[in-house]
Amino acid sequence: MNKKLPKVHIIATGGTISGIGANRLDYTQYSDTGNRYTIEQLIERIPEVKNVANLTYENLLATGSTNITPKDWLVIAERANTLLQDGIDGIVITHGTATLEETAYFLHLTIKSNKPVVLTGAMRPPSSMSTDADINLLDAIRIASSGNAQNMGVMGVLNNQIHSAREIIKMNTLRVDTFQSNDLGFLGFVDSDGQVIFYRNSIKTHTYESEFSTQGLDQLPRVDIVVAYSGGDGLLIDAVKKNESQGLILAGFGSGTLPTVMKDSALELVKCGIPVVLASRSIMGRIVLTEKLRDEGFITCDNLSPQKARILLMLSLLQTSDTQKIRDLFEKY
Ligand code: ASP
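No experiment lies behind these values; they were computed from the predicted model shown. Residue numbers restart at each chain and count upward from 1, following the sequence in its written direction. Where totals are concerned, whole chains, interfaces and linings use all residues; where local detail is concerned, this predicted model gives features only for residues with pLDDT of at least 70, and gives and counts side-chain atom pairs only at 80 or more. With hydrogens and water stripped out, all remaining heavy atoms of the structure feed into the side-chain values.

Chemist: Now, about the site of the ligand: what can you tell me, with residues and values included?
Modeler: Around the ligand, the neighbouring residues are Gly15, Thr16, Gly64, Ser65, Gly96, Thr97, Ala98 and Ala122. Definition of a polar contact: a pair of N or O atoms within 3.5 Å, with one able to donate and the other able to accept a hydrogen when the atoms are protein atoms, and with sequence-neighbouring residues admitted only if both atoms are side-chain atoms. A distance of 2.7 Å separates an oxygen atom of the ligand from a polar side-chain atom of threonine 16. Alanine 122 is positioned such that a nitrogen or oxygen atom in its backbone is 3.2 Å from an oxygen atom of the ligand. Protein contacts shield 85% of the accessible area of the ligand, which totals 260 Å² for the unbound molecule. The pocket occupied by the ligand, as judged from atoms lying within 2 Å of grid points, is the largest pocket. Throughout this document, a residue counts as near a molecule or strand when at least one of its heavy atoms sits within 4 Å of that molecule or strand. Methods summary: accessible areas were calculated by the Shrake-Rupley approach with a probe of 1.4 Å, and residue burial reflects only the protein chains presented. The pocket and cavity definitions rest on a 1 Å grid over protein atoms only: a 1.4 Å probe that fits but cannot leave marks a cavity, an open set with protein on both sides within 12 Å along at least five of seven lines marks a pocket, and residues lining either have an atom within 4 Å of a point. To qualify as sitting in a cavity or pocket, a molecule needs more than half of its atoms within 2 Å of the grid points.

In structure tokens:
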């Protein structure tokens, strides 16, 4: 142990970054084998970390991120908060890329610390040719060890690019540059010279300034997402109502518009007191709260993706079911 180096703890949860394929060209079927590297084995592959941080680690989960649930977010948040309070300087979370952006945004709203928390994954498993697993893990450890990464909220890193948890989104099914930050751009780079460089910050409220807490919770309110499509009707929205969901994210066309029949069903939900947040199936841009939408009782998601709007609504519902108060939270976060 080198006392001069920061203490970084790695929470491993599974995902491609831990996957073992049948051969070096297995880029897509490795998850079917169920075989995984442990975090100990992944760290052994990157001896360079010895000069970066004093590492501790744990295999908290061993799953594809397709199976990560809100209950898992609560477990990860509690573990990370405890470690940060106990004197760890930074946290790395290895995670599947499929839902990395969701876990990241949940933690961005519920971690009570200004220390770096960094999620990373891989698009090519460690067993494959040209895997990105080793460099992504090393980069995440570098960021978690860096004084420059304080106060930045929760971050995601792949492909040497550092993203804010609020903006990160998986854009490509297979490429290693899959993660982008919508139309706002990523925060900075971590490059081969070991530098962790930031060029901007996400100024929406997060982590140590956030009012959301997970303390004592073992589940979150159920919120569902329905996506608009040509000829769409009220079938799925009615199912949400019958299922007693506590809120709905409605991903409309472009600026949040909907086929009339879908909108009528959504208005029924609003009348029943179930918050409906309008989002968009388009990836970029804001949804504007027009006077008409305000009068109809809708909430709008600003520029959050539907999957992140869902997380913010779940956390908001722990505090209030008042439409205007939820609108204020969507403006703040
Ligand atoms: N199926 C994987 C997961 O999300 C994909 C990945 O890790 O890239 O766990």
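Chemist: I'd like a rundown of empty space enclosed by the protein, residues and numbers included.
Modeler: Grid points are joined across faces, edges and corners, and a volume is the space filled by probe spheres set on the points. Counted by the stated rule, this structure contains one cavity of 30 Å³ or more. By volume, the largest cavity is sized at about 50 Å³. Forming the walls of the largest cavity are Arg166, Glu167, Ile168, Ile169, Asn182, Asn303, Leu304, Ser305 and Lys308. Classes in brief: Ala, Val, Leu, Ile, Met, Phe, Trp, Tyr, Cys and Pro nonpolar; Asp, Glu, Lys and Arg charged; the others, Gly included, polar. Residue composition of the lining of the largest cavity, grouped by class: three nonpolar, three polar and three charged.

Chemist: Mind laying out the nonpolar core, listing which residues take part and the relevant values?
Modeler: Ile91, Phe106, Leu107, Leu250 and Phe330 are the most contacted members of the largest nonpolar core, which has 65 residues in total. Note on contacts: a residue pair qualifies if any of its non-hydrogen atoms lie within 4.5 Å across the two residues. Beyond its immediate sequence surroundings of up to four residues, phenylalanine 106 is in contact with Trp73, Leu74, Ala77, Thr214, Leu220, Ile311 and Leu315. Grouped together as the second largest cluster of nonpolar side chains are 30 residues, Ile43, Val92, Ala140 and Val190 included. For the purposes of this section, nonpolar cores are sets of buried Ala, Val, Leu, Ile, Met, Phe, Trp, Tyr and Cys residues that join through side-chain atoms within 4.5 Å. A 1.4 Å probe rolled over the protein chains alone gives each residue an accessible area, and that area as a share of the maximum for its type sets the label: buried under 20%, exposed over 50%, partly exposed in between.

Chemist: Which residues make up the packing of aromatic side chains, and what values go with them?
Modeler: Two aromatic rings from Phe, Tyr or Trp, using only the six-membered ring of Trp, form a pair when their centres are within 6.5 Å; if the ring planes differ by under 30 degrees the pair is stacked, by over 60 it is edge-to-face, and anything between is tilted. Evaluation of the coordinates by the stated rule reveals four aromatic pairs. With centroids separated by 5.8 Å and ring planes inclined at 80°, the aromatic side chains of phenylalanine 189 and tyrosine 199 adopt a geometry described as edge-to-face. You can see phenylalanine 189 sitting in strand β9 (residues 188–190) and its partner tyrosine 199 sitting in the loop between β10 (196–198) and β11 (223–227), a full ten residues away along the chain. Here tyrosine 199 falls in the exposed class, since its relative accessible area comes to 58%. Members of the aromatic cluster, connected to one another through ring pairs, are Phe186, Phe189 and Tyr199. The ring of tyrosine 37 has arginine 45 sitting right over it, with the charged end atom 5.8 Å from the ring centre. Labels follow the DSSP assignment, with helices taken as runs of H or I lasting at least four residues and strands as runs of E lasting at least two, numbered in each case from the N terminus. Each ring is checked for a lysine NZ or an arginine CZ that lies within 6 Å of its centre and within 35 degrees of its normal; such an atom marks a charge sitting over the ring.

Chemist: Describe the sheet that holds strand β2 (residues 54–63), naming the residues involved and giving the relevant values.
Modeler: An order of β2-β1-β3-β4-β5-β6-β9-β10 is seen for the eight strands of this open sheet, with the pairing classed as mixed. Each end of this open sheet is capped by a strand with a single partner; those strands are β2 and β10. For this sheet, the mean inter-axis angle between neighbouring strands, taken without regard to orientation, is 25°. Two strands are counted as paired when DSSP detects at least two bridges linking them. Two elements, strand β5 (residues 154–158) and strand β6 (residues 161–164), share four bridges in a ladder whose sense is antiparallel. Bridging from a neighbouring strand, leucine 158 pairs with glutamine 161 of β6. Only the contacting stretch of a helix is used when fitting its axis, a line to C-alpha atoms as for every element, and angles between N-to-C directions run 0 to 180 degrees.

Chemist: How would you summarise the environment of phenylalanine 189 if you had to cite specific residues and measurements?
Modeler: A relative accessible area of 30% means that phenylalanine 189 is categorised as partly exposed. With 57 residues separating them along the chain, phenylalanine 189 and aspartate 132 place their C-alpha atoms 16 Å apart. Excluding its chain neighbours within four sequence positions, the residues that come into contact with phenylalanine 189 are Asn160, Ile162, Gln195, Val196, Ile197 and Tyr199.

Chemist: Lay out the sheet that holds strand β13 (residues 276–280) with the relevant residues and their values.
Modeler: Sheet architecture is open: four strands sit in the order β11-β12-β13-β14, paired in parallel fashion. Because the sheet does not close on itself, it has two edges, and the strands there are β11 and β14 (299–300). Across two bridges, the pairing between β13 and β14 is parallel. What sits directly across from leucine 278, in β14, is threonine 300. Its contacts with the sheet put helix α9 (residues 306–317) on β11, β12 (247–252) and β13, and the angle it makes with β12 is roughly 160°.

Chemist: So what's going on with the packing of helix α4 (residues 100–110) against α9? Which residues, and what values?
Modeler: Between α4 and α9, the least distance of the axes is 9 Å, while the angle of their chain directions is 35°. In the packing of α4 onto α9, the handedness of the crossing is right-handed. Side by side, α4 and α9 meet where Glu101, Glu102, Tyr105, Phe106, Leu109 and Thr110 of the first sit next to Gln307, Lys308, Arg310, Ile311, Leu312 and Leu315 of the second. Tallied by class, the residues present in the contact of α4 with α9 amount to six nonpolar, two polar and four charged. Here is the rule for handedness: rotate from the far helix to the near one, and if that takes an anticlockwise turn smaller than a right angle the crossing is left-handed, while a clockwise turn gives right-handed.

Chemist: Explain the side chain of lysine 308 to me, and be specific about the residues and the numbers.
Modeler: Relative to the elements of secondary structure, lysine 308 occurs in helix α9. Charge assignment: positive for Lys and Arg, negative for Asp and Glu; neither His nor the chain ends contribute. We count a salt bridge whenever a side-chain nitrogen from Lys or Arg sits within 4 Å of a carboxyl oxygen from Asp or Glu. Buried charge without a salt bridge: lysine 308, with glutamate 101 as the nearest opposite-charge side chain at an N-O distance of 5.5 Å. At a separation of 2.5 Å, a polar atom in the side chain of lysine 308 contacts the main-chain carbonyl oxygen of isoleucine 168. Non-local contacts of lysine 308, meaning those with residues more than four positions away in its chain, are made with Glu101, Tyr105, Ala165, Arg166, Glu167 and Ile168.

Chemist: Help me get a handle on a nonpolar patch on the surface, residues and values and all.
Modeler: Residues Met171, Ile283 and Met284 make up a contiguous nonpolar surface patch of roughly 260 Å² in combined accessible area. Mapped onto the secondary structure, methionine 284 falls in the loop between β13 and α8 (291–296). Classification of methionine 284 by relative accessible area gives partly exposed; the value is 47%. Here a patch means residues that are over 30% exposed by relative accessible area and free of salt bridges, tied together within 9 Å if like-charged and within 5 Å if nonpolar (Val, Leu, Ile, Met, Phe, Trp, Tyr).

Everything listed is a geometric property; what it means functionally is a separate question.
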